[in-house]
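# Reading the structure
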Amino acid sequence: AALSVGAAFWLQLISVGFIALLGGLCAAGLALGQRAVLFLGKDEQLLVEGFTGTTVINGPGTKVLNPFSYRSAETRKAVTLSATDYAKITDLVDGSERVEKGPQLLFLGPYDKVTKQENALSLSTTEYAYVQDQLTGSLTIVKGPCMWFPSPYDSFSRGQATSLSKTEFIIVEDQMTAEKKTVKGPCVWFPGPNEKKISQHSASALQEDQYLRLKDTSSGARWIQKGKALVFLEPTWAVEATVPGKGSVRSAWSLKAYEYVRLVDSITGKITVHRGEKTVFPGPDEELLDGEVLTAMDLKVHEYVKILDQATGDIRVESGTSKGSKQVFLGPYEKCIDGGQKKAIEVDEDHAVLVRDKATGQLRLVTENQLFVPAANETIEEVRSLIRLADHEAMIVKGNDGEFQYFYGSEEKRKEGQPRSFFLQPYDEIVKLCWSKGRRRETRNLFIERFDCRPQFMSFEFNCRTSDNVELVLEGTFFWEVVNLPAMVKSTGDTTGDLCNHARSQFIRHVARVTLKEFMETSHTIAKAVWEDDKQFYASRGVWIHSLEVTRYACADSRTSEILEQIIQETTNRMNRLSQAESENEVNLFRMQGQIEQERLNGDLLKIQHEHSTEEAEVMGKAESARIAAFMDGLQTSVPKPEDRAHMWQVLRKTEALATVTQGNCTLYFTPSDVDLSIETKAR
């Protein structure tokens with residue numbers, strides 16, 4: 001039993017070991033099988049690293065390797081490149097690089113490494129690639145449209161080509177030679193390897209009346225480019241004389257028949273004149289002399305202009321003609337002087353012209369009727385109007401010898417042969433006197449050249465004191481007249497001032513002798529004495545005083561003035577009351593006279609009415625008596641008794657009375673005796 005147990009143990013142990021050994025052998029065989037047999041897909045590659053080198057085996061297929069002949073084997077995917085892809089491959093052994101383009105399934109070599117995988121550069125029609133070979137340094141430009149794949153050592157950048165219309169251009173510089181050129185449109189410009197766009201511009205479109213002023217900066221040449229043209233500037237060209245705000249294109253001058261321009265050459269100084277009708281383009285060095293287009297001076301028949309030639313110094317006078325207007329154009333070196341275009345002076349009966357000859361310095365007065373145009377060396381100093389003097393006017397004229405001449409409008413005062421109307425002669429001048437003005441004559445700035453010889457009023461005002469030391473402010477008027485003009489001019493230059501100052505002195509002297517009360521009672525007497533006591537003074541001044549009146553006086557001191565006003569008010573009230581009483585008495589007197597006259601007229605009226613009544617009664621009585629007499633005489637034959645005829649008359653008169661009563665609303669009462677009525681009473 002023990003033996004059998006031991007045998008079983010060992011048998012069991014041997015079987016387990018055998019099974020383990022068999023399992024190990026199977027695992028080792030499986031591992032060797034995996035290392036020896038490899039299966040590769042279509043896009044796979046086997047990288048085998050041997051003991052002395054590395055190889056690659058591309059799929060697809062089954063590869064059997066000696067498991068003991070290499071160190072390691074690695075399956076890797078091939079690189080799939082589309083049509084727009086490329087890969088940059090580096091050989092790790094020799095360091096060389098290459099570029100593989102798609103489309104392809106790229107299997108790398110045993111020592112290859114993909115250092116870059118990118119899309120190729122797609123260039124459109126207006127794009128380009130700027131390519132530089134980093135090994136050689138050479139530059140190339142690749143233009144589109146294309147799909148560009150770089151070489152291993154290329155560096156590149158994408159650029160946009162410049163599209164130029166037919167009116168555009170660019171300036172291009174070659175950076176190797178520094179030369180510049182102009183590329184005109186229409187085109188799509190791609191730069192060369194060493195070219196660079198400096199600037200882009202629009203061409204200048206010139207119309208027929210436009211131009212450009214150009215200068216070549218390399219040679220200094222200048223010229224004018226006229227229209228009609230499309231101007232593309234070269235790199236060395238520059239546009240000159242650009243007008244601010246108006247661009248570089250300038251318009252030529254289109255001149256009408258009455259227009260012209262003067263151009264000055266800035267190099268030579270020569271001036272040229274161009275007259276219309278035409279279009280004028282300047283030269284390269286010419287500018288407008290006057291800054292604008294000039295218009296010819298249109299001189300009417302009554303106009304003229306003086307023109308100076310600055311080159312020769314000559315002066316000429318151009319004027320309109322009797323046939324019509326005249327157009328005047330200035331020459332190259334001419335200019336208008338004396339204010340330019342002027343009107344000729346119309347010399348007639350009322351106007352003359354004073355002219356100075358600059359050559360001799362002499363003055364002359366032109367009085368002949370004409371349209372006066374001065375000569376080249378003559379200037380018009382003044383247009384003088386005919387001086388007409390009214391009957392009451394006078395004027396003083398100082399001649400060139402300094403003597404005074406006196407002209408009067410009145411025929412009685414004029415000398416024989418002296419005119420009433422005259423022109424002031426060349427070297428004569430009107431004498432003006434400076435008189436004082438104002439009520440107190442404190443300002444002397446009133447200039448008089450025409451003297452009024454009529455009597456006239458002049459007011460004055462000044463202060464004076466009475467003997468009782470009351471200061472008064474006197475106001476009054478002179479009624480005066482200039483009667484001797486030479487005496488006035490000889491004795492004074494301020495006639496009004498002398499009159500008022502002298503009157504003030506006289507008033508001060510006379511008022512100082514009286515009290516305020518006496519002055520109030522005798523103010524008019526004092527005023528009369530002021531000018532009557534010293535008539536010689538006024539006569540020596542050539543004036544005659546007709547009257548001098550004090551129109552108002554007041555106290556200078558306010559308190560005294562109040563007292564004076566009270567006195568004046570009381571006096572005025574008393575006079576008013578007296579006047580009122582007199583007026584009432586006069587009214588009563590006229591009332592009584594009216595009543596008396598009314599009663600007298602009433603008596604006359606009653607007398608006349610009585611006379612008329614009497615006459616009317618007489619007329620009516622005579623008519624009635626005539627009727628009675630006719631009635632009585634007519635019935636004398638048929639009614640012989642007068643009593644009967646009288647009774648019949650009374651009956652007829654009663655009938656007439658009844659007829660008259662029936663026509664109105666009255667009531668007639670008859671007595672029994674009038675109707676012969678009797679009343680009887682009967683018993684029943």
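Above this text is the structure in question.
What this report covers is the structure whose coordinates are included nearby.

### Some remarks on the overall build of the protein
- Secondary structure summary: the protein contains eight helices and 53 strands in total.
- Against the globule reference of 26 Å for 684 residues, the protein gives a C-alpha radius of gyration of 73 Å, more extended than a compact globule.
- Judged by the C-alpha coordinates and their principal axes, the protein covers about 240 × 145 × 80 Å.
- Burial analysis of the protein (684 residues in total) assigns 32% to the buried set.
- The long-range fraction of contacts in the protein, counting pairs at least 24 apart against all pairs at least 6 apart in sequence, stands at 56%.
- Roughly 42800 Å² of accessible area belongs to the protein as shown, and the carbon and sulfur atoms make up 53% of that amount.

### Comments concerning empty space enclosed by the protein
- Scanning the model with the defined rule gives one cavity of 30 Å³ or more in all.
- The space that makes up the largest cavity amounts to roughly 40 Å³.
- The wall of the largest cavity is formed by Trp531, Lys535, Tyr538, Ala539, Val543, Trp544 and Ile545.
- Counting residues per element, the ones that place at least two in the lining of the largest cavity are helix H5 (535-540) and strand E53 (543-555).

### A look at the sheet that holds strand E7 (residues 85-91)
- Overall, antiparallel pairing links the three strands, which are arranged E8-E7-E10 in an open sheet. Strands at the two margins of the open sheet, each flanked by one partner only, are strand E8 (97-101) and strand E10 (112-119). Taking the axes of each pair of neighbouring strands and ignoring which way they run, one obtains an average angle of 25 degrees across the sheet.

### Observations regarding the side chain of glutamate 461
- Checked against the element boundaries, glutamate 461 lands in strand E51 (residues 456-465).
- Owing to a relative accessible area of 18%, glutamate 461 belongs among the buried residues under this scheme.
- Of note is the side chain of glutamate 461, whose polar atom sits 3.1 Å from the side chain of arginine 440.
- When neighbours within four sequence positions are excluded, glutamate 461 is seen to be in contact with Arg439, Arg440, Val473, Leu474 and Glu475.

### As for the packing of aromatic side chains
- Considering all chains together, one arrives at 17 aromatic pairs under this definition.
- On the numbers, 6.1 Å between centres and 80 degrees between planes, the contact of tyrosine 211 with phenylalanine 281 is edge-to-face. You can see tyrosine 211 sitting in strand E22 (residues 210-216) and its partner phenylalanine 281 sitting in the loop between strand E30 (278-280) and strand E31 (286-288), a full 70 residues away along the chain.
- The class of tyrosine 211 is buried, set by a relative accessible area of 1%.
- Feature note: the residues Phe460, Phe462, Phe478 and Phe507 constitute an aromatic cluster, connected by ring pairs.
- One Lys or Arg, arginine 275, reaches over the ring of phenylalanine 329 and ends 3.8 Å from the middle of that ring.

### Description of the layout of surface pockets
- The space that makes up the largest pocket amounts to roughly 190 Å³.
- Every residue lining the largest pocket is listed: Lys517, Met520, Glu521, Tyr553, Ile567, Ile568, Thr571, Thr572 and Met575.
- Secondary-structure elements contributing two or more residues to the lining of the largest pocket are helix H4 (516-532) and helix H6 (558-634).
- Broken down by element, the lining of the largest pocket gets its largest block of residues, five residues, from H6.
- Tallied by class, residues from the lining of the largest pocket come to five nonpolar, two polar and two charged.

### What about the packing of helix H3 (residues 495-511) against H4?
- Where H3 contacts H4, the two axes come as close as 10 Å, and the packing angle between them is 140 degrees. Here H3 lies oblique to H4, going by the angle between them. Here H3 and H4 pass one another in a crossing that is right-handed. In this structure, H3 contributes Ala503, Gln506, Phe507, His510 and Val511 to the contact, and H4 contributes Phe519, Ile526, Ala527, Ala529 and Val530.
- Each residue belonging to the contact of H3 with H4 can be placed in one class, and the counts come to eight nonpolar, two polar and no charged.

### What about the pattern of salt bridges?
- Counted according to the given criterion, the structure contains 34 salt bridges.
- Notably, a salt bridge pairs arginine 364 with glutamate 378, separated by 2.9 Å at the nearest N-O pair. With a gap of 14 residues between them, arginine 364 in strand E40 (residues 363-366) and glutamate 378 in strand E42 (residues 378-385) connect regions that are remote in the sequence.
- For glutamate 378, a relative accessible area of 11% gives the class buried.
- The shortest N-O distance in the salt bridge between arginine 439 and glutamate 475 comes to 3.3 Å. Residue arginine 439 is located in the loop between strand E48 (433-437) and strand E49 (443-448), and its partner glutamate 475 is located in strand E52 (residues 471-482); the two are separated by 36 residues in the primary sequence.
- Classification of glutamate 475 as buried rests on a relative accessible area of 16%.
- Among the charged side chains, a salt-bridge network with shared partners connects Arg439, Arg440, Glu461, Glu475 and Arg552.

Procedures and definitions
Here the residue numbering is sequential within each chain, running from 1 through the sequence in written order. Only residues with pLDDT of 70 or above have their local features reported here, since the model is predicted, and side-chain atom pairs are shown and tallied only from 80 upward, although totals for entire chains, interfaces and linings are computed over all residues. Just so you know, side-chain values use all the structure's heavy atoms and leave hydrogens and water out. Note on conventions: DSSP H or I runs of at least 4 residues are helices, E runs of at least 2 residues are strands, and numbering of each starts at the N terminus. Two things to know: the radius of gyration comes from C-alpha atoms, and the globule rule equals 2.2 Å times the number of residues to the power 0.38. Each residue is assigned to one of three classes by its accessible area relative to the maximum for its type, calculated with a 1.4 Å probe on protein chains only: buried under 20%, partly exposed between the two thresholds, exposed over 50%. The contact definition used throughout considers only heavy atoms, calling two residues in contact when any of these lie within 4.5 Å. What sets the accessible areas is the Shrake-Rupley method with a 1.4 Å probe; for residues, cover comes only from the shown protein chains. Cavities and pockets are defined on a 1 Å grid built over the protein atoms alone: a cavity is a set of grid points where a 1.4 Å probe fits but cannot escape, while a pocket is an open set with protein on both sides within 12 Å along at least five of seven lines, and lining residues are those with an atom within 4 Å of any such point. Grid points are joined across faces, edges and corners, and a volume is the space filled by probe spheres set on the points. DSSP calls a pair of strands paired once it identifies at least 2 bridges connecting them. Between N-to-C directions, angles cover 0 to 180 degrees, with each direction set by a line fitted to C-alpha atoms, over the stretch in contact for helices. For this analysis, a polar contact is any N or O atom pair within 3.5 Å, provided that within protein one partner can donate a hydrogen and the other can accept it, and provided that sequence-adjacent residues contribute only side-chain to side-chain pairs. A pair of Phe, Tyr and Trp rings is counted when the ring centres sit within 6.5 Å of each other, with Trp represented by its six-membered ring. The angle between the planes then sorts it: under 30 degrees is stacked, over 60 is edge-to-face, the rest tilted. Two thresholds decide whether a charge sits over a ring: the Lys NZ or Arg CZ must be within 6 Å of the ring centre and within 35 degrees of the ring normal. In the scheme used here, Gly and all other residues not listed as nonpolar or charged are polar, with Ala, Val, Leu, Ile, Met, Phe, Trp, Tyr, Cys and Pro taken as nonpolar and Asp, Glu, Lys and Arg as charged. For classification purposes, angles smaller than 35 degrees are called roughly parallel, those larger than 145 roughly antiparallel, those between 65 and 115 roughly perpendicular, and all remaining angles oblique. Take the far helix as your reference; a near helix turned counterclockwise from it by less than a right angle gives a left-handed crossing, and one turned clockwise gives a right-handed crossing. Salt bridges, as used here, are contacts in which a Lys or Arg side-chain nitrogen is within 4 Å of a carboxyl oxygen on Asp or Glu.

Read these as geometric descriptors, not functional statements.
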